[in-house]
Amino acid sequence: MASGQIVTTEQMQSLEREAFKHGITNEDLMEAAGLAVAQECWMAMGTMEGRPVLVICGPGTNGSDALIAARHLHGYGASVFIYLTDPRDESDKSWAAVEELGIPFAIANANGEFEELEVLLERATMVLDGMFGIGFDTEKRPIEGLYAEVLNRLQAAAAAVPPVRVIAIDIASGLNSDTGQADACSVPAEMTVTFGFSKVGHYVGDGRKYSGRTVEVDIGIPGSAVESVKIPYQSLRLHDLRRVLPPRPNDGHKGTFGQLLVVAGCKNYPGAARLVAESAARTGVGSVTLAAPESIQSLLVALPDISHIPLFDVDGYLGGRAAAEELLAELRTRSFKSILIGSGIGNNEDTVDFVRVFLSGLDEVVSDNFQGVVIDADGLNALAVIEDWRALTSQEIIITPHLGEMATLSGLQVDHIRQNKLMVSADYAQKWQSTVVLKGPGTVISNSNGDARLSDSASSALSHAGTGDVLAGITGGFLAQQINSYDAASAAVYMHAEAARQVSEVYGDAATLASDIVRALPDARKLLDPPTANI
């Protein structure tokens, strides 16, 4: 099992079918799954001896996994009680093993009497949610009736003071394992013990809220079975990102580490230019040059670590074709490894003309080892009104839209994008032959091959003006360091989220500003350096 890979429901079912071809039985998988759940519960609790644990079992395979977990927890000394939503068939081996041990149980009363469940929830220190697994689609079949009654009572217990600890088996009941859309009855888990691989639904939509800490456990799917199924999705993992960053030789110079050109700012948003340029400089890039409207240069001189290219402007905004041709002429004599365009440039006819002319002339002026262009914010607004914008240049492109910008670019509704974030990002990355960084809780990074990485970060600390500019700057800085666009965007998302996390721990989410995140970037960047062993 390659940890960090993320699967759809269909892919997980394909993996199980491949495992069966290798001689693994369904009973083998369930036994390994149930044991793994019990072990994770034991580790979470510290000890199980005498602890009251309530195991809620649904009618399907997820319920069977729960029964096996209950059996092992009983063996660990826990005081286990099993609550069945439906009677189990006597031919069910997992149920027969529980009966043989004499573990107490109750069956939900279809007449609407749930007093026994309420008492059990009051006494329990931990509840295992084993009602519905990844095969249950609440969009087609909402949870209702007896199942809703059971989950509503579990919701109340999880919200009580003190709350009962809820452990989801594979996925929280009612959470769609592909879209992350949660049923109204779904219960947020403290931890989800998921089998084989994390599911897409753990990361997108409501997934992080309802999954809690997601723990992947090996259930015995052979490596050869995994190799036979294409799994294009991964989580962002620190040790993977450390491997893609270039070495920093002590005899290097600023040219060794790349040159970034930033096109940003206007009279209304000079701060965007400052946030982008300083963020980029903190990535380790050799040099950052800022091209901005000439009339706002006095607002930008406080940045001592960057150089400037003042551009022709019209009333504080980039001056359309004339400014674009001016910058293209500059590029004939100066070499940059990557370019970032769009942050705070404003949205009017002149800025649209600037983006169109600049991108269409780029192929003629950049060198063969040019890494690509990052387009953000108002640059994306310009693309939205430029017909067939991808044909303007053959260079690599990274776009960094939030949900609203993605809706404008794609023509899709925001709600559709939110509910299908991974699929939309991956599809449009292929359609536009670009790297797409679809921002928001659980940012998705997709490349033109259909691969995608998902961030598990979700923080309202990033819900402040300017934080997107910080991400764009980091992305451009990494791209200039001879990192491919997919890896550069991935490292940027990780570094951005880590800096926000560090600041939030000090100031809290509400008071964290984009400029605070910039100040935390050095520590976040240091985390991406390979650890050194001091002997």
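Remember, predicted model here, so these are calculated numbers, not experimental data.

Student: How do you make sense of the nonpolar core when you look at a structure like this?
Tutor: The tendency in soluble globular proteins is for nonpolar side chains to be buried as a group. Leu 54, Ile 82, Tyr 83 and Leu 128 are the most contacted members of the largest nonpolar core, which has 77 residues in total. Sorting elements by how many residues they give to this core places helix H2 (residues 26–45) first, with seven residues. Once you skip the residues sitting within four places of it in the chain, Ile 82 turns out to touch Val 55, Cys 57, Leu 67, Ala 70, Val 98, Ile 103, Pro 104, Phe 105 and Ala 106.

Student: Honestly, the packing of aromatic side chains in this entry has me stumped. Any pointers?
Tutor: Aromatic ring pairs are described here by two measures, namely the spacing of the ring centres and the angle between the planes. Throughout the structure, instances matching the rule amount to six aromatic pairs. Taken together, a centroid distance of 4.1 Å and an interplanar angle of 15° make the contact between Phe 132 and Phe 136 stacked. With a centroid separation of 4.8 Å and 55° between ring planes, the pair formed by Tyr 428 and Trp 432 is classed as tilted. Residue Tyr 428 shares its accessibility class with Trp 432, and that shared class is buried. An aromatic cluster of three or more residues is present, and its members are Phe 132, Phe 136 and Tyr 147. Positioned above the aromatic ring of Phe 257, the side-chain terminus of Arg 248 is 3.9 Å from the ring centre.

Student: So what exactly am I meant to see when it comes to the side chain of Asp 516 here?
Tutor: By the secondary structure assignment, Asp 516 is in helix H19 (residues 514–527). Apart from the residues lying within four places of it in its own chain, the contact partners of Asp 516 are Val 503, Tyr 507 and Ala 511.

Student: Is there a simple way to think about the pattern of salt bridges in this case?
Tutor: Close approach of charged atoms allows side chains with opposite charge to pair. Taken as a whole and assessed by the stated rule, the structure comprises 22 salt bridges. Between Asp 240 and Arg 237 there is a salt bridge whose closest N-O contact spans 2.8 Å. What makes Asp 240 buried here is its relative accessible area of 16%. Given the relative accessible area of 23%, Arg 237 is considered partly exposed. Residue Asp 353 pairs with Arg 356 through a salt bridge whose shortest N-O separation is 2.8 Å. Taken together, the residues span about one helical turn, with Asp 353 and Arg 356 both in helix H12 (residues 349–361) at a distance of three residues. Using a relative accessible area of 33% as the deciding quantity, one classes Arg 356 as partly exposed.

Student: Explain the side chain of Lys 439 here, please?
Tutor: Of note, Lys 439 is situated in the loop between strand E19 (435–438) and strand E20 (444–446). Using a relative accessible area of 12% as the deciding quantity, one classes Lys 439 as buried. Non-local contacts of Lys 439, meaning those with residues more than four positions away in its chain, are made with Asp 376, Thr 400, Pro 401, His 402, Leu 403, Lys 421, Gly 468 and Leu 471.

Student: Which parts of the structure should I look at to understand the pairing of strand E11 (residues 259–263)?
Tutor: On a regular strand, one side chain projects to one face of the sheet and the next to the other, so that they alternate. The element E11 is extensively covered by neighbouring structure, given that five of its five residues are classed as buried. Here E11 shows a buried face lined by Gln 259, Leu 261 and Val 263 and a second buried face lined by Leu 260 and Val 262. Relative to strand E12 (residues 287–293), E11 runs parallel, the two being bridged by five bridges. Bridging across to E12, Gln 259 finds its partner in Ser 287. Note that the unit made of E11, helix H10 (residues 270–281) and E12 has a crossover that is right-handed.

Student: What is the right way to read the sheet that holds strand E18 (residues 397–399) from this model?
Tutor: Pairing between sheet strands relies on hydrogen bonds along the backbone, with the strands arranged either parallel or antiparallel. Read from one edge to the other, the open sheet built from twelve strands follows the order E8-E1-E10-E21-E20-E19-E18-E17-E16-E11-E12-E13, with strand pairing classed as mixed. The sheet is open, and its two edges are formed by strand E8 (198–199) and strand E13 (307–311), each paired on a single side. Relative to strand E21 (residues 452–454), E20 runs antiparallel, the two sharing three bridges. In the sheet register, Ile 445 faces E21, and the bridge partner there is Arg 453. Where H10 meets the sheet, it contacts E11, E12 and strand E16 (338–341), and its direction lies at approximately 170° from that of E12. Its contacts with the sheet put H12 on E11, E13, E16 and strand E17 (372–375), and the angle it makes with E16 is roughly 165°.

Student: Would you take a moment to explain unusual backbone geometry for this structure?
Tutor: Among all residues save glycine, negative phi is the norm, and among peptide bonds the norm is trans. In this structure, the amide linkage connecting Val 161 to the following residue, Pro 162, adopts the cis form with an omega of -5°. Looking at where Pro 162 falls in the secondary structure, it is placed in the loop between helix H6 (145–159) and strand E6 (165–169). Look at Asp 315: it is not a glycine, yet its phi comes out positive at around 55°. With respect to the element layout, Asp 315 can be found in the loop between strand E14 (313–314) and strand E15 (317–318). Phi at Ala 377 is positive, roughly 50°, even though this residue is not glycine. Inspection of the secondary structure puts Ala 377 in the loop between E17 and helix H13 (378–384). Classification of Ala 377 by relative accessible area gives buried; the value is 15%.

Criteria and cut-off values
Residues numbered from 1 in each chain as written. Predicted model: local features only at pLDDT ≥ 70, side-chain atom pairs only at ≥ 80, totals over all residues. Heavy atoms only, no water. Core = buried A, V, L, I, M, F, W, Y, C linked by side-chain atoms within 4.5 Å. Buried < 20%, exposed > 50% of the residue type's maximum accessible area, 1.4 Å probe, protein only. Helix = DSSP H or I, 4+ residues; strand = E, 2+ residues; numbered from the N terminus. Contact = heavy atoms within 4.5 Å. Phe/Tyr/Trp six-rings, centres within 6.5 Å; stacked < 30°, edge-to-face > 60°. Lys NZ or Arg CZ within 6 Å of the ring centre and 35° of its normal. Salt bridge = Lys/Arg side-chain N within 4 Å of Asp/Glu carboxyl O. Pairing = 2+ DSSP bridges. Right-handed = clockwise from strand over helix to strand, strands pointing away. Axes fitted to C-alpha atoms, helices over the stretch in contact; angles between N-to-C directions.

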